[in-house]
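Letter by letter, the chains look like this.
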Amino acid sequence: MTPSFQIFRRVSLALVCVVALAPVTRASVDDAQSFALQAAEPYVKDGFQVREDYWGGDLGVAEKKAVRQQLFKGNEYWFWLGTEVEAAKVSVHVYDADGKLVEQPDGWQKGHFAGAHIIPKNTGSYFVIVEIEQSPEERTHWALVYGFR
Amino acid sequence: MILFAKISKLSVALVAGLSLWAQAAEAPKHVDIKQLSKKVDDVVVPLPNEVFGALNKLGGVNWREYVRNDKGSNFTERPRIALLLGAVIADGFIAVQAEDAPTVKEIGARVLALAKGIGVGGSITPHAKAITDAADKRNWVAVRSELDRTQNSVQQAMNEVHDEKLSQLVSLGGWLRGTEVLTAVVNKRYSEEGAELLHQPDLLVYFENKLQSMPEYNLRLLLDIHAALLEVKPLIDTGDAQISPAAVKKINEITTRLGDAITKKS
């Protein structure tokens, strides 16, 4: 076996692995989204329009991610976070541009679901911070959706 | 025994649930945003109807005045189609605010034609039909959701074929049309609350950066939009100070000019 054939074989094997794993990774973030949407479902009856788009990825335990969000005074927003890892514990909180916690006290955290509620006092940028607090997985997929009314 | 087993399982689940609840760590009252800055995603571009909803709550908006029936020109350049597509979807949200069913249906058809022109028509066909059906039933909540799904499907289809830049132009087209209408409404009847809705400096920076990353398109219109964003930035990035009536008027002039350039062939 020539060295170039060995390299070719290794590269091909790596490519096959990447192609085979890619849909699985995507599927997991999509799964996380379906849990986030599940958390949002009861709020639709209360007049919240849930955005089709969502934000997601994967995080290690105690790792945080911030999503910058333009919010408008006069609207009311809920952010819902979910993961498909049922033994995980996640949290979501909303801060203003100065880093001050600005959410309503009725936010909640129930295992692999969490919700944060904000009625912005000003129009501008806010930071939605998501965290995987506990998880049996090394990396945990998460998805964030939001709704407004 | 079966009943006892069920009760026992339920109790365990309840205790586990309550203990999880109790363990919920209290969120810190302050965080250092700069420390998190490396982990901050790009700003999320709001839908035009997010700002229209907030504006509507201030009262007194005659949305019919802002409904646009002009279908716009037919373009062959994909960036121009993408910008127009975003603007037309924003027009859809305006027509919904005005509860104008015929215009909503026309917009559904126009969105489909533009999506086909850009090669993503397949993903839009069911949404265009759903928009028409919902408009016939005057189910405005459903039309709003379908317009959102339409934009999302168009952008996902673009992202899947690595046309992320076109996807960003769809967002930009929608944002410009939304800002044009927002400033027209506030300019007509100025209020500090209405003007405050223009306070979107991070969105401007976001679009500026995206436009700078598209030199390959080499379109005069994109250069004009970039220059206009630089002109708008100091007018809305006012810190704690209010956005003045003169600034609102100026932004309306700029976005109206860009809106015309997006819809018409020069």
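Refer to the structure printed above.
Residues numbered from 1 in each chain as written. Chains lettered and ligands numbered in written order. Predicted model: local features only at pLDDT ≥ 70, side-chain atom pairs only at ≥ 80, totals over all residues. Heavy atoms only, no water.

## Comments concerning the nonpolar core
Taken as a class, soluble globular proteins show a tendency for nonpolar side chains to be buried jointly.
Then step 1. F79 of chain A together with I225 of chain B are the most contacted members of the largest nonpolar core, which has 102 residues in total.
Then step 2. Here the element with the most residues in this core is helix α4 (residues 78-97) of chain B; it accounts for twelve residues.
Then step 3. Setting aside anything within four residues of it in sequence, one finds I225 of chain B in contact with L83, L172, L176, L211, L258 and I262 of chain B.
Then step 4. In this structure, V29, A39, W108 and V145 of chain A belong to the second largest nonpolar core, which totals 16 residues. (Core = buried A, V, L, I, M, F, W, Y, C linked by side-chain atoms within 4.5 Å. Buried < 20%, exposed > 50% of the residue type's maximum accessible area, 1.4 Å probe, protein only. Helix = DSSP H or I, 4+ residues; strand = E, 2+ residues; numbered from the N terminus. Contact = heavy atoms within 4.5 Å.)

## Comments concerning unusual backbone geometry
Then step 1. Positive phi outside glycine occurs at A62 of chain A, with the angle close to 70°.
Then step 2. Within the secondary structure layout, A62 of chain A lies in the loop between β2 (55-59) and β3 (64-71).
Then step 3. We note that R138 of chain B has phi near 55°; this positive angle belongs to a residue other than glycine.
Then step 4. Among the secondary structure elements, R138 of chain B is positioned in the loop between α6 (125-136) and α7 (140-160).

## Focus on the pattern of salt bridges
Residue and element names in this part refer to chain B.
Then step 1. Throughout the structure, instances matching the rule amount to 23 salt bridges over all chains.
Then step 2. Note that K105 and D136 form a salt bridge whose closest N and O atoms lie 2.6 Å from each other. Pair noted here: K105 is in helix α5 (residues 101-117) and D136 is in helix α6, with a separation of 31 residues, a long-range link.
Then step 3. For K105, a relative accessible area of 30% puts it in the partly exposed group.
Then step 4. A salt bridge links E180 to R177; the nearest nitrogen and oxygen atoms lie 3.3 Å apart. (Salt bridge = Lys/Arg side-chain N within 4 Å of Asp/Glu carboxyl O.)

## What about the pairing of strand β8 (residues 124-134) of chain A?
Residue and element names in this part refer to chain A.
Then step 1. In terms of burial, β8 is largely enclosed, as ten of its eleven residues are buried.
Then step 2. Pairing of strand β5 (residues 89-96) with β8 involves eight bridges; the strand directions are antiparallel. Bridge pairing in β8 places Y95 opposite F127. (Pairing = 2+ DSSP bridges.)

## Overview of the side chain of H226 of chain B
Then step 1. Along the chain, H226 of chain B turns up in helix α11 (residues 220-236).
Then step 2. If near-sequence neighbours (up to four positions away) are discounted, H226 of chain B is found in contact with E208, L211 and Q212 of chain B.

These values are about where atoms sit, not about what they do.
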